Amino acid sequence: MNILFYSSFYPSPMSGGVERSTWNLFQGLQERFLHTCHVLYDRRKFEITNPPKTIVQIPQSDKQQQISFIRKYLTDHQIQIIIIQGIYDKLSYFAEAAHDEILIAYVFHGEPAFPYKTFTIDYICSLIKYRGRVSWGVHRLLKFPMRKLKLRYELYLRHKQTNQAADYFVFLSRYCANAYKRYSFSSIEDRSFVIPNSLSFDIEGDESIIKHKQKHVLLVARFEEFTKRILWALKIWNRVQCKYHLDDWVLDIVGDGEDRDLYENYLQAHPTKNIVFHGTCDSQPFYKKAAIYIQTSITECFPLTILEAKQLGCVPIAFKSYAAAPDLITQNRDGYLIKEGRINKFAKTIYELAKDDDMRNKMALAAMQSVDRFSKEKVLNLWDSMLTKIIQQ
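Chemist: I'd like a description of unusual backbone geometry, backed by residues and values.
Modeler: With omega at 5 degrees, the peptide bond leading from Phe114 into Pro115 counts as cis. Unlike most non-glycine residues, Phe185 shows phi in positive territory, near 55 degrees. Mapped onto the elements, Phe185 comes out in the loop between α7 (174–184) and β7 (192–194). When its relative accessible area of 61% is taken as the criterion, Phe185 is described as exposed. At His245, a residue that is not glycine, the phi angle is positive and equals roughly 55 degrees. Relative to the elements of secondary structure, His245 occurs in the loop between α9 (230–244) and β9 (250–254).

Below you can see the structure in the form of structure tokens.
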């Protein structure tokens, strides 16, 4: 079977979730099932040396030239199935380039409510307070109701166009599939599949790792406030330190991005102990060391960081702010889901978990045992089953 993936960035196990997922599928479907896989991408985050010949960058040119390039690539390599890795903007390019016999499957790597859900008064006020964008913020606050309505309508149109352009759909969680119905006002059950992301790390779950955990809380995220809400994580940790005085615990933050200045400005205004920014680096050693993992995002689809944390024995705490959260965390068994917006409850949960070694170790063990269903082998089997089914229809 000749399969083409499209990813906005070069696929790599060292990049973001979509790029890691694309790389795992690109490699796994070839090695395990002997499919021929290709990848087209737009940009790369770092220099690539000796990339595989079947991973090709789309020329940076106008729309029609790119469509012509895609059409030629599809023909030259006899592509049977195109898998769009959650990039809506280029879906129409591939739909126009592909002839009727080529199938298109669209994978929802973003929550169906994005970006409507992320445009919030809280985000605007944060930029006013910690970046000094007063006139910009006031202008947006005045227009907030109309802008919100416009985003909702644009979201409906986007889902409608996606529905028309793609033949099949892949959701990473059954809860995301249900959310799609709410925001698109349409049902695509007969053309959709549910296949989760697979585990990131090629390591066996060694339960002895729990014994070597240190008093560290971890957050891994790109510094993008309107989705990741790292300001909320800083506010929560400030409450943990000021109210509960966890002086021997440290918050490690791994990641970087354009909103770093927001967090530096917040900490200048609200000095908080025991926070360490590590920048962009290999996160695996931090997962191995940390006992607790926190996530404060307003939107996610199927975040790999939660799987990574559980795989390496970190007990996750997250807001129940995105559809797939219950698929990833079983409440009070292998982690905690906090009602959206309850920052004080989130801080108290960190404190209680930090102070109860027995409970924390029990939940860490349950977390490690719960991720077996997301193994690469099982997820690749689901993908091969889906691809075989749709090519035979």
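Chemist: Before we move on, can you summarise the pattern of salt bridges with the specific residues and values?
Modeler: For side chains of opposite charge, pairing can occur when their charged atoms come near one another. The final tally for this structure, using the stated rule, is 22 salt bridges. Of the charged contacts in the structure, one is a salt bridge between Lys117 and Glu111, with a shortest N-O distance of 3.1 Å. Among the ionic contacts, a cluster of salt bridges with common partners joins Arg131, Asp259 and Asp261.

Chemist: Help me get a handle on the packing of aromatic side chains, residues and values and all.
Modeler: Taken as a whole and judged by the stated rule, the model has 26 aromatic pairs. When the ring of Phe69 is compared with that of Tyr73, the centres are 6.4 Å apart and the planes differ by 35 degrees; the resulting orientation is tilted. Linking Phe69 with Tyr73, this pair stays in helix α2 (residues 63–76), spanning four residues, or about one helical turn. Its relative accessible area of 25% is what places Phe69 among the partly exposed residues. Where Tyr106 meets Phe108, the ring centres are 5.0 Å apart and the plane angle is 80 degrees; that geometry is what we call edge-to-face. In textbook terms, an aromatic cluster arises when at least three aromatic residues are bridged by ring pairs, as seen for Tyr106, Phe108, Phe169, Phe171 and Tyr180. Its end group placed over the ring of Tyr116, Lys148 keeps NZ or CZ at 4.5 Å from the ring centre. Here Arg229 stacks its cationic end above the ring of Trp232, 3.7 Å away from the centre of that ring.

About the cut-offs
Residues numbered from 1 in each chain as written. Predicted model: local features only at pLDDT ≥ 70, side-chain atom pairs only at ≥ 80, totals over all residues. Heavy atoms only, no water. Helix = DSSP H or I, 4+ residues; strand = E, 2+ residues; numbered from the N terminus. Buried < 20%, exposed > 50% of the residue type's maximum accessible area, 1.4 Å probe, protein only. Salt bridge = Lys/Arg side-chain N within 4 Å of Asp/Glu carboxyl O. Phe/Tyr/Trp six-rings, centres within 6.5 Å; stacked < 30°, edge-to-face > 60°. Lys NZ or Arg CZ within 6 Å of the ring centre and 35° of its normal.

None of this, on its own, says anything about what the molecule does.
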